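# Commentary on secondary and tertiary structure
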Amino acid sequence: MQPPALLTKLKACLAMLDRPNVYLIGIGGIGMSALARYFQQSGRKVAGYDRYRSPLCEDLEAEGMKIHYEDDVKQIPSRFKAEDSLVIYTPAIPEDHSELNFFQKEGFEIVKRARVLGLIAQKHRCLAVAGTHGKTTTSSILAHLYRHAEVEISAFLGGISTNYQSNFWGHDDTDLLVAEADEYDRSFLNLKPTAAVITSTDADHLDIYGEAQSLEDTFREFAESVSDFVLVNESTNLNLGLKYGFGNQNSYYADQVQVIEHQYHFDFVHPQGRISDISMLLPGRHNVENAVAAAALALKYGLSEEQIKAGLESFKGVKRRFEYHIQKEDLVYIDDYAHHPKEIAALQNSVRELYPKRKITAIFQPHLYSRTRDFLKDFAESLSAFDEMILLELYPARERPIAGINSKALLDLIQSETKSLMGRQEILSRFSEEKPELILTIGAGDIDQLIRPLKLALLK
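Residues numbered from 1 in each chain as written. Predicted model: local features only at pLDDT ≥ 70, side-chain atom pairs only at ≥ 80, totals over all residues. Heavy atoms only, no water.

### Some thoughts on unusual backbone geometry
Of note in this structure, lysine 192 is not a glycine but carries a positive phi near 50°. Within the secondary structure, lysine 192 sits in the loop between β9 (176–181) and β10 (195–198). (Helix = DSSP H or I, 4+ residues; strand = E, 2+ residues; numbered from the N terminus.)

Okay, structure coming up:
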């Protein structure tokens, strides 16, 4: 039981969530947009700023939210007053952002995205999915299992579920909440979940953590904050909770894994039994592992074997996670959000397993100067596995340039026989004339803006 002083503080924090006006700086971010939808559905007036008008921002506008795309205090709607408004921001917003500084100067309640999600989670039994890779797909599968079984939950996802075309659903009246737990900036320490999956702890975000051990220690701290049930991938060094993966040394595992006509089939084995011959629409052995993790939590918290099998077999995936845009006999185009060497290697392995005889042309946009610097050789190794490698210029996001770190430096280390650094228009011109057997777009920056024009060029 919490001390009275802590309860009083918690009640005060929860009260700010009831303010009638909510303004989000960076509203088009995947986590921010889920919060925007939560508050909009709860009857609040929601508005915000973002750098550019993405398809997700257009969806939010269609849902009734007022968004502008210039850092301009004059464009903040006049109804937003310090006494009745909540302002939410992300670590990606620079300290010199004029709107953020305006809200600070005028005494608004300003809270980080992670803290707001943590407060919302305290109203529910929270099932959290953390990990440097796999958390978006795993949390989306888990949320889908409940929704497909017609069990009411709330879900805050780090991607757009293809089944529902959204990254949020639910309300405060539901008991369970599925949340993607983001390790960036140690955000997931705000959650204090009932149960959690940790999919991976590979080194990443070293601009925040400094070294891999610090990241791993923070995952351990997150796991220790879980009140009931922790499930950890067998590949991690975390010696806690129950394990999942491949092989009977784990408490939950995939067995009899095979590919039949470009589709994965497997058995899900758990401590009480086995669900046989699950047929997954998602490609890749890593997604079989993700399905095992989601199934384990769903089985632990209320779903039957029959509901889990039906849910797994009906899950269509997540936008920008091995997303098919063209799937023809002579031409395949897949887009993927992979932005870490391990993710790229997993993507390449999945594509090779499904299409072993195809020549693979990959277009990759490096994301962040610091990540490119920290994993330069690892990126070069994973990208060298493709038959042809095309690089776009690096996407800096929140960062300033680092001397000597750019796409040309990465290109020089890639061992593919055919490699190049190209601009978007050059890519579109080439592939409107030349048709590859299989082409991938890969990355977490603004490469998503290339998807539609590239698809049109390929189909021309």
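After that view, the rundown keeps rolling.
### Structural notes on the pairing of strand β17 (residues 332–336)
Residues in a regular strand point their side chains to alternate faces of the sheet. The buried fraction of β17 is high, at five of five residues. The side-chain alternation of β17 yields two buried faces, one formed by Val332, Ile334 and Asp336 and the other by Tyr333 and Asp335. Examined bridge by bridge, strand β16 (residues 323–327) and β17 share four bridges and lie antiparallel to one another. The residue of β17 that forms the bridge with tyrosine 324 is isoleucine 334. Hairpin connection of β16 to β17: four residues between the antiparallel strands. Pairing between β17 and strand β21 (residues 438–442): five bridges, direction parallel. Paired with isoleucine 334 across the strands is leucine 440, a residue of β21. (Buried < 20%, exposed > 50% of the residue type's maximum accessible area, 1.4 Å probe, protein only. Pairing = 2+ DSSP bridges.)

### What to know about the pattern of salt bridges
Counted by the stated rule, this structure contains 20 salt bridges. For arginine 220, the salt bridge identified is with aspartate 217, shortest N-O distance 3.3 Å. A residue pair is termed a helical-turn pair when its members lie 3 or 4 positions apart in one helix, as arginine 220 and aspartate 217 do in helix α8 (residues 212–224) at three residues. Aspartate 267 serves as the salt-bridge partner of arginine 274, at 2.9 Å between the closest nitrogen and oxygen. Within the structure, one salt-bridge network assembled from shared partners comprises Glu216, Asp217 and Arg220. (Salt bridge = Lys/Arg side-chain N within 4 Å of Asp/Glu carboxyl O.)

### Examining the sheet that holds strand β2 (residues 45–49)
Taken in spatial order, the five strands make up an open sheet running β3-β2-β1-β4-β5, and their pairing is parallel. Taken across any chain shown, the strands that pair with only one partner, and hence form the sheet edges, are β3 (66–68) and β5 (109–112). Ignoring strand direction, the axes of neighbouring strands in this sheet form an average angle of 20°. Two strands pair when backbone bridges link them, and β2 and β3 are joined in this way by three bridges, in the parallel orientation. Residue pairing across strands places tyrosine 49 opposite histidine 68, the latter belonging to β3. Sitting on the sheet, helix α4 (residues 98–105) touches β1 (21–25), β2, β3, β4 (85–89) and β5, and the angle it makes with β1 is about 140°. Lying over the sheet, helix α5 (residues 113–121) contacts β4 and β5, oriented at roughly 85° with respect to β5. (Axes fitted to C-alpha atoms, helices over the stretch in contact; angles between N-to-C directions. Contact = heavy atoms within 4.5 Å.)

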